[in-house]
Each structure stands twice: as C-alpha cells, then as structure tokens.
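# Structure assessment
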Amino acid sequence: TSSSHLTDAWSSDNTITASWSGATDGSGTSGVAGYDLSWLERSWHTPSCIVDTGDLITTSLPLRDSSGWYLHLTTIDNADNCANEVLHLGPFKIDTTPPVPFIQGTVITTGFSLSWNATDEGSGLAAVGPYDVQYRIDSGTWLSWLTATADTSRTWTNVDPAKIYSFRCRARDALGQVSGWSTERTFATTEVR
C-alpha cells in the first residue's frame, strides 16, 4: 500500500512512500533476507533477485512526470531464493509541471478579438475556471480582467486609439498548479481601426 499516494490518481508529489507486510519463508527454512524492489514506468517487471532493502517501507527517489509509475516487489530468502510471485503496485500518476498558456488576438472594428488556451501534459487543466487574464494600458500596471474563467475568448471594445493595450493569461491544472504568465499580446496604436 501507499501512505502518500492513491493509485490511478494524479499527484504533484514526485516521491511515493509504500509499505508491505506478510512475507514469510515457511518453517525450518533459511528465513527472509529482504526484498528486491524497483520503481518503473511499466506494469510488469522480472526481478533481479538482489536484496535492495530489509525494511518494510520505502520512499522512491524523485520520479519524473508520468501517468504510469509502478512499484515491483519480490521477497528473497537467506539462501538467495527469489519468490515466484512479484507484487505490483500502481499506476501512480505524477505531474509536477504547470500548464503552458498562450494568448493571441486580432484587431476588429470595435476593438480586439482575443483568445487564449493552455496545454497540460499531465493531470489536465482545472475543470472549473482554469484561466486568469490581465490587461494593461500603455506601460501601466497589470490589472485583472477575468479571474478563474472557463472562457477561452472575449472581445475588448471601446478602444482609445491613442493608447497601447497589452493582454496576458495564465492557467491552472487539475492539481492547482498555476503557470507563469503567457507572453503578452500587445496592440500598438497604429493597429486600431
């Protein structure tokens, strides 16, 4: 079992703690020497039958983002016999990377037509309100326009042709990891119709 992660569920914690119990070698035999364990990105594994630990708990090294980490474990006795059964625990889904946002826009008669989106290779975008969009006029302070919105496009109207408008967005994934701000999309004064 794992005390730190659920199987088949995304987590931003890239170290997994697992424990096990119940290994025996029968009466009158050499006894349990320890365990061969491996963290791999595949659901099966043939053990090398080399004792890695005598403990009944392990914590993985930091694992890279993946939708399929498994712990493979088998028992080895003091006569170097490897158990016929290999135990498999997983999949564990690791996502430590926030989404990658982008914004684009075009000039229309009444202002700007903007759209934004993001990609996320792991847990996916948040189901509710994954986007924040900000704007600034000329070189002023960035101000919130849309917060925690599911919208991926909007029109900005009532443009002052003497001003320069910039927009940027960020996104959050299903684990709540928030990206940095996207590259800004700026509309120069000369673009306004």
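Preceding block: the structure.
Bear in mind the structure is a predicted one, so any value in this text is a computation, not a measurement.

With respect to topology, four strands assemble into an open sheet ordered β10-β9-β12-β13, the strand pairing being antiparallel. Edge positions in the sheet fall to β10 (143-149) and β13 (185-187), since each of these pairs with one other strand and no more. Here the average twist between neighbouring strands, direction ignored, is 15 degrees. Inspection of the sheet shows strand β9 (residues 131-137) paired to β10 by four bridges, in the antiparallel sense. Bridge pairing links Tyr-135 to Leu-143 in β10.

If you walk through the whole model with that rule in mind, you get 12 aromatic pairs. Each ring, one from Phe-112 and one from Tyr-165, has its centre 5.5 Å from the other, and the planes form 55 degrees; the classification is tilted. In this pair, Phe-112 is assigned in strand β8 (residues 111-119) and Tyr-165 in strand β12 (residues 165-171), connecting sequence segments 53 residues apart. Both residues of the pair, Phe-112 and Tyr-165, count as buried.

One finds Phe-112, Leu-114, Trp-116, Trp-156 and Phe-167 to be the most contacted residues of the largest nonpolar core, which totals 17 residues. Elements with a minimum of two residues in this core: β7 (100-108), β8, β9 and β12. Judged by nonpolar contacts, the second largest core, of 12 residues, contains Ala-18, Trp-20, Trp-39 and Leu-63.

The strand order across the open sheet formed by four strands is β1-β6-β5-β3, and the pairing between neighbours is mixed. In this open sheet, the two edge strands, each paired with only one partner strand, are β1 (10-11) and β3 (32-40). Relative to strand β5 (residues 66-77), β3 runs antiparallel, the two sharing eight bridges. Looking across to β5, one finds that Trp-39 is bridged to Leu-71.

Moving on, we come to the pattern of salt bridges. When the charged atoms of two side chains with opposite charge come close together, those side chains can pair. The full count for this structure, using the stated rule, is seven salt bridges. For the salt bridge of Arg-170 with Asp-132, the shortest nitrogen-to-oxygen distance reads 2.9 Å. In this pair, Arg-170 is assigned in strand β12 and Asp-132 in strand β9, connecting sequence segments 38 residues apart. Overall, Asp-132 belongs to the buried group, its relative accessible area being 5%. Taking the shortest distance from any N to any O, the salt bridge between Asp-138 and Lys-163 comes out at 3.8 Å. Linking Asp-138 in the loop between β9 and β10 with Lys-163 in the loop between β11 (153-157) and β12, this pair joins segments that are 25 residues apart in sequence. We classify Asp-138 as partly exposed; its relative accessible area is 32%. By relative accessible area, which is 31% here, Lys-163 ends up partly exposed.

Definitions and cut-offs
- Residues numbered from 1 in each chain as written.
- Predicted model: local features only at pLDDT ≥ 70, side-chain atom pairs only at ≥ 80, totals over all residues.
- Heavy atoms only, no water.
- Pairing = 2+ DSSP bridges.
- Helix = DSSP H or I, 4+ residues; strand = E, 2+ residues; numbered from the N terminus.
- Axes fitted to C-alpha atoms, helices over the stretch in contact; angles between N-to-C directions.
- Phe/Tyr/Trp six-rings, centres within 6.5 Å; stacked < 30°, edge-to-face > 60°.
- Buried < 20%, exposed > 50% of the residue type's maximum accessible area, 1.4 Å probe, protein only.
- Core = buried A, V, L, I, M, F, W, Y, C linked by side-chain atoms within 4.5 Å.
- Salt bridge = Lys/Arg side-chain N within 4 Å of Asp/Glu carboxyl O.

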